[in-house]
Amino acid sequence: MPLRELPHVALSAHAHNREGLHRTDARWLAEQWADPSTRVLVVSGTRVRAVQGRVHWLSPDQAPQEGLRVLLGRSDQVTRFAVLLPASEEEEGWLPLRGLFGALSDQEAGPREAPWLFHAVGLAEWHWSTRHCPRCGSDLQPRAAGHELLCTGCGKSQFPRLDPAVIMAVTHGEAGTESKQILLGRQATWPADRWSTLAGFCEPGETLEDAVRREVAEEVGITVGAVTYFGSQPWPLPASLMIGFVAEAVTTEIDVDGAEIAEARWFTREDLRARLASREIVVPGSVSISSSLLETWYGSPLEGGW
């Protein structure tokens, strides 16, 4: 499958200019906010207002004047901000990021909305979880149009946090043959029909490739040899950067950890196709890099995403 057609690539194809050099330019920021063409996304806690399942943008005069005003950037001659408000008790019409995956799956609107949405929600998650300085416990003061928090006590700056996580298509067998297999797992907290590629967080002092090998060994007891980079995807749920790999298994005997992973299984292409068609299992939908990994291994888009 051509790289440009993969789901996670499509969702990042319209990355905006983040205007980092203007984040401390008060005059420029004021001019952009006064421009009626500017668009504003309101985030309540970490939820976004949606109208008929789609992201709802406002003009500056329609947007709340309270809250933290965050610069997102500029694209197609339009500047966009987010206004971060405290979480509201009113939930009707306000959706978490997962609740907007349906809209992001839209092939026309989704790729244009996703970079803005991931940026805004990622910053909202960071501001929501970072209330005090981790060094001295003092209050934090927003700076740089919401992209920096300065400690009022010790003066140390905090910047948006990202947690690198590896996600991998673990395969076994000769490439291009019907016997080629992919390993999928089911987390203990998932419904019995929900399966996906394996994933896990990178630990301090560890390369990404070693994280792939360790996570696979810990979760399913399989030894991995060659590890090849595939791609990456922002995943602000709440602060991950998903880094995809294809990992070639050296062993095939499965021994699940029973904690994170309740069940794991090898699938051939025909086996996976049949089980998806019968709805015996479902796999990640077209928003995630997991879907891209699966579709690349399978050779075409897959039905039955969740």
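Up top is the structure.
Residues numbered from 1 in each chain as written. Predicted model: local features only at pLDDT ≥ 70, side-chain atom pairs only at ≥ 80, totals over all residues. Heavy atoms only, no water.

*Asks:* In this structure, what is going on with the overall build of the protein? I would like to understand it.
*Replies:* Secondary structure assignment for the protein yields 7 helices and 16 strands. By the compact-globule yardstick of 19 Å for 306 residues, the protein fits well, its C-alpha radius of gyration being 21 Å. Residue pairs at least 24 apart in sequence account for 63% of intrachain contacts in the protein once pairs closer than 6 positions are excluded. Per element, the accessible surface of the protein, about 15300 Å² overall, is 50% carbon and sulfur. Computed over 28 positive and 40 negative side-chain charges, the inter-centroid distance for the protein is 5 Å. (Helix = DSSP H or I, 4+ residues; strand = E, 2+ residues; numbered from the N terminus. Rg over C-alpha atoms; globule rule 2.2 N^0.38 Å. Contact = heavy atoms within 4.5 Å. Areas by Shrake-Rupley, 256 points an atom, 1.4 Å probe, with all protein chains shown as cover. Lys, Arg positive; Asp, Glu negative; His and termini not counted. Charge placed at Lys NZ, Arg CZ, Asp CG, Glu CD.)

*Asks:* I'm lost on the environment of Trp57 in this one. Help?
*Replies:* When you line up the elements, Trp57 lands in strand β4 (residues 57-58). Separated by 26 residues in the primary sequence, Trp57 and Val83 have C-alpha atoms spaced 11 Å apart. Here Glu113 takes part through its side chain, which lies 3.0 Å from a polar atom of the side chain of Trp57. (Polar contact = N/O pair within 3.5 Å; in protein donor to acceptor, adjacent residues only side chain to side chain.)

*Asks:* Sorry if this is basic, but what is going on with helix α7 (residues 289-298) here?
*Replies:* Structurally, the α-helix is built with 3.6 residues per turn, so residues lying three or four positions apart point the same way. Judged by how many residues are buried, α7 sits mostly within the fold: 9 of 10 residues are covered. Listing the buried residues of α7 in full gives Ile289, Ser290, Ser291, Ser292, Leu293, Leu294, Glu295, Trp297 and Tyr298. A positive backbone phi angle near 105° is found at Gly299, which sits one or two residues after α7. (Buried < 20%, exposed > 50% of the residue type's maximum accessible area, 1.4 Å probe, protein only.)

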